[in-house]
Amino acid sequence: MLFNSIEYLIFLPIVFIVYWLLKSNYKYQNILLLISSYVFYGWWDYRFLSLIIFSSFIDYFVGKKIEKANGKENKKRWLLVSLCSNLGLLAIFKYYNFFADSFASTMSTLGWEVNDLTLNIILPVGISFYTFQTLSYSIDIYREKIKSCKDIIAFFTFVSLFPQLVAGPIERASNLIPQIEKRRSLNSTLVKTGIFQIFIGLFRKVAIADNLGVYVDAAYANHEINNGSTLLIATIFYAFQIYFDFSGYSDIAIGSAKLFGFKFNRNFNLPYFSKTLTEFWRKWHMSLSYWLRDYLYISLGGNRKGEILTYRNLLLTMLLGGLWHGSSWNFIIWGGIHGLFLSFEKFTFSKLKINTFNAFGFLYTFIVVLIAWVFFRAVDLNTAINILGKWISLEFGPIFIGDINAFVNGLLLAVTGILIDLKIFSSKTPLEDYGTKFSTIRLSVVVSVIILIICLFYSTAENFIYFQF
Amino acid sequence: MDSKTTKKLIKIVLLVLVISYTLDKLIFFGLNTISDKVMTGQSIGKLNQFLLVKDSVDILVFGNSRANHHVDMNLFGKKSYNMGMDGTGIAYSSTLINTLSKDKEQLVIVHIDTKDFFSKNYNGKDINGLKTKFNRNVYITDVLNKSNQIPFFQNIYYSINYNGKIIGIIKNFIRPGYNFLEYNGYDPLLVRDDQKEIRDLILAQKNTVDCESINEINSIALSYLQSIKDFVENSNKEFIFVTSPTFNDPCEKDNKLLAKTLRELGLTYLDRSNLFANKNDNDLWKDKTHLSKKGAESFSINLKKELQKVIN
């Protein structure tokens, strides 16, 4: 079920009303949330519910075993069960074809022809998100940061809670399970901030991102004939399309969760207002970047094992972070670019004894992010190389506009979105709390205006970009 | 959730419903006032001009962007109008044709493309191009309702009628792009010298049409065609269906099937898909499906001759 669908518009209020009718017993509410979450997910393909249930069952069971096991070795053995199961699911459903294809290509290069090893596998929506969520649970128990969850319904709800099930935010067990295991309440602050965030998220997705996507899709589909200027504009549009698409999704997720009395961690914090790439990663898809830091970078040794190994760890973390997004060389290169520049910054900061760059840092960060987005958006490596080649060889010329209405709408809405971001940035109140700044009447007017802007500017509903990951 | 929060939530929901509904109607009626005065541009101006002149001209052309850019109305006299519109198909044309006065003697040229008729994905969505007239023109509203293409919310929020078009409408209201009194609906495609290299690259690309999969005619497209046929039988007009040239059309099968269907319906059809097949002249083209001004002029001269033969 998509957040920007009629189904969700019907689903959300029904679940909301029944949920609060059951407020006297939070365990009944959890059962309702679990069933609703499975309906929400099963709406896409009920067969893949079995994977969520499998992953939930493994980690519920393993969590208990890790806690009870005597000695580090025994705990590690149980942790390996969780790692192998979750990463195994990812390996089969997400990466098998990529590695089989890469293996066949390598063999072919070496002169050995290998039969086609790829399988006809559908990528289950959200698998990268919920496997990371369950993994962090087992690792945190292993690290003795949290206790295992005793209530199976609560744990299964933690894994599948519908606002964050399909594309995050990747919530930590330490934040979410305690909220699931106690009575929730809804106050006017949560109502106001939740409603505001849901509607601002919808505006970001269906008005801004989808309109920008029209131009981006057209330009990238014809990358061979479009010149460097057109592809540069399209990539800048894409930078904002993916930002407004994914942050819009996160806003709807966080806002929806608030209506059920849950507080999710924020996932975006105006990332393009960053002077360094390091800062960018503290503001972009925060739930993933902190996950990678805590469970990968630190596990690899972080910055505790000398300068060279720190750079290696950074690069490896970002390469794997890239691979997490999708099974293609483009994503690995995307991660590699970020890893290289993060290492460069670490090196520069340590040598120059500084913490950040000056105002030019905004431009530097945006340019690096933009170049990396080419690999992220391009359908294959050749496309990305072709686009970058046009920029390097200064193949610039008149910009292809295409559908003038779509172009102007996209541009106008993106500027509006950026101005709203600037307003929030200058107000020092995070978007998550911005709803509190409004009185009931003002909030109603703001939401009404957003509804009308959506009516006037919404573009063809597309899947959220992060659904493919 | 305590009663105070419940009351606040209900208050917000009710206020949003009332305010958004009221604002929507204000915007809708405001935009109606503005858009009725707009006679230029594809957002709404061309449609307004068509509704204004449709029963006073002698020759009308319907169809998609290929009709718009290929049929040069300057060759067909002053009392002619080209209602070809970008991104539209048979559903859009059929609906507009049915708004014509049945008694008025006219020659109606309907440009059709095989794409709509043999695509499994064609669902008549192009009729949405008429949504600016939803709840404003009785016939169009009725057809739109029957088409199931109107989102549920459009019955509540009327401003959806103007979705994606507001900038174009306001732009043409403030500064019309041309003098509509001198406009006959034909928009030639000019290819600048700096565009020729890209155009040649496009033309050199291989066609990827799967001709084998072309078997059945799309039932939705057929139903709109049938609707035109019903109109033909009850009107005082001459109808000619035309397909204009395509660059290196890779399939013959679809053209033959479409011709057979039109023949069976008793409709006159001129298939000129391969008119320029043997002319090795890229200057006739803007891209693989669109003729340049030079190509359009050449095609229109040929079409005029053919029409004279058919009509006589």
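Residues numbered from 1 in each chain as written. Chains lettered and ligands numbered in written order. Predicted model: local features only at pLDDT ≥ 70, side-chain atom pairs only at ≥ 80, totals over all residues. Heavy atoms only, no water.

A. Focus on the packing of helix H14 (residues 329-352) of chain A against helix H15 (residues 360-377) of chain A. Residues and elements named next belong to chain A. Relative orientation of the contacting elements H14 and H15 amounts to 160°, with a least axis distance of 7 Å. With respect to H15, the element H14 is oriented roughly antiparallel. When the axes of H14 and H15 are compared, the crossing they make is right-handed. When H14 is examined against H15, the residues Asn-330, Phe-331, Ile-333, Trp-334, Ile-337, His-338, Phe-341, Phe-344 and Glu-345 are found in contact with a partner set consisting of Tyr-364, Val-368, Val-369, Ala-372, Trp-373, Phe-375 and Phe-376. When grouped by side-chain class, the residues that make up the contact of H14 with H15 number 13 nonpolar, two polar and one charged. (Axes fitted to C-alpha atoms, helices over the stretch in contact; angles between N-to-C directions. Helix = DSSP H or I, 4+ residues; strand = E, 2+ residues; numbered from the N terminus. Parallel < 35°, antiparallel > 145°, perpendicular 65-115°, else oblique. Left-handed = near helix turned anticlockwise from the far one by under 90°. Contact = heavy atoms within 4.5 Å. Nonpolar A, V, L, I, M, F, W, Y, C, P; charged D, E, K, R; others polar.)

B. Summary view of the sheet that holds strand S3 (residues 106-111) of chain B. Residues and elements named next belong to chain B. Taken together, five strands build an open sheet; the order of strands is S2-S1-S3-S4-S5 and the sheet is parallel. Where the open sheet ends on each side, the last strands, each with one partner, are strand S2 (80-82) and strand S5 (268-271). For this sheet the average axis-to-axis angle between neighbouring strands, irrespective of direction, equals 20°. Here four bridges tie strand S4 (residues 237-243) to S5, and the two strands are oriented parallel to one another. The residue bridging Phe-241 from the neighbouring strand is Tyr-269, located in S5. (Pairing = 2+ DSSP bridges.)

C. Summary view of empty space enclosed by the protein. Residue and element names in this part refer to chain B. Taken as a whole and judged by the stated rule, the model has one cavity of 30 Å³ or more. There is about 70 Å³ of room inside the largest cavity. Lining of the largest cavity is provided by Gly-63, Asn-64, Thr-88, Gly-89, Ile-90, Ser-93, Val-110, His-111, Ile-112, Asp-113 and Asp-116. Counting only elements with at least two residues in the lining of the largest cavity, the list comes to helix H4 (90-97) and S3. Grouping the amino acids of the lining of the largest cavity by side-chain chemistry returns three nonpolar, six polar and two charged. (1 Å grid on protein atoms, 1.4 Å probe; cavity = no way out; pocket = protein on both sides within 12 Å on 5 of 7 lines; lining within 4 Å. Points joined across faces, edges and corners; volume = space filled by probe spheres on them.)

D. Inspection of the pattern of salt bridges at higher detail. Using the criterion set out here, one finds 28 salt bridges over all chains in the structure. When the shortest N-O distance is used, the salt bridge between Asp194(B) and Arg192(B) registers 2.9 Å. Judged by relative accessible area, which is 43%, Arg192(B) ranks as partly exposed. A salt bridge links Asp200(B) to Arg199(B); its shortest N-O distance comes to 2.8 Å. Taken together, the shared-partner salt bridges connect Arg172(A), Arg293(A) and Asp294(A) into one network. (Salt bridge = Lys/Arg side-chain N within 4 Å of Asp/Glu carboxyl O. Buried < 20%, exposed > 50% of the residue type's maximum accessible area, 1.4 Å probe, protein only.)

E. Geometry of the domain arrangement of chain A. Residue and element names in this part refer to chain A. Each domain of chain A was delimited in the assignment, giving domain 1 (6-184) and domain 2 (189-275 + 357-468). For domain 1 and domain 2, the distance between their C-alpha centroids amounts to 28 Å. At the interface, 24 residues of domain 1 touch 19 residues of domain 2. Here domain 1 meets domain 2 over a buried area of about 1800 Å², counting both sides, of which 69% is carbon and sulfur. Together, Pro-163, Ala-167 and Pro-169 form the three largest contributors to the area buried by domain 1 at its contact with domain 2, with a combined 26%. Inspection of the domain 1/domain 2 interface yields zero salt bridges. Applying the counting rule to domain 1 against domain 2 returns seven residue pairs in polar contact (both at pLDDT 80 or more). Per-element accounting of the side of domain 1 that touches domain 2 gives the leading share, six residues, to helix H1 (residues 6-21). In terms of residue class, the side of domain 1 that touches domain 2 is made up of 18 nonpolar, four polar and two charged. (Domains from an automatic or database assignment. Buried area = accessible area lost by both parts, 1.4 Å probe. Polar contact = N/O pair within 3.5 Å; in protein donor to acceptor, adjacent residues only side chain to side chain.)

F. Expanded view of the nonpolar core. Counting 161 residues, the largest nonpolar core has Phe260(A), Phe262(A), Tyr272(A) and Trp373(A) as its most contacted members. If you tally residues by element for this core, the top one is helix H9 (residues 188-221) of chain A, at 17 residues. Formed jointly, this core draws a minimum of three residues from each of two domains, domain 1 (6-184) and domain 2 (189-275 + 357-468) of chain A. Discounting residues that sit within four places of it in the chain, Tyr272(A) has contacts with Ala239(A), Phe240(A), Ile242(A), Tyr243(A), Phe280(A), Trp284(A), Phe362(A), Phe366(A), Val369(A) and Trp373(A). Listed in part, the 46 residues of the second largest apolar core include Tyr81(B), Ile112(B), Phe134(B) and Ile140(B). (Core = buried A, V, L, I, M, F, W, Y, C linked by side-chain atoms within 4.5 Å.)

G. Just the interface of chain B and chain A, in detail. On the side of chain A, 34 residues touch chain B, which itself brings 34 residues to the contact. Between chain B and chain A, a total of about 2900 Å² is buried, with carbon and sulfur atoms accounting for 72% of that surface. Of all residues in chain B, Met1(B), Ile12(B) and Ile167(B) give up the largest surface area on contact with chain A, accounting jointly for 22% of the area buried on that side. At the surface where chain B touches chain A, the tally comes to zero salt bridges. At the boundary of chain B and chain A, one finds ten residue pairs in polar contact (both at pLDDT 80 or more). When contributions to the side of chain B that touches chain A are tallied by element, the ones reaching two or more residues are helix H1 (3-36), helix H7 (166-174) and helix H8 (193-204) of chain B.

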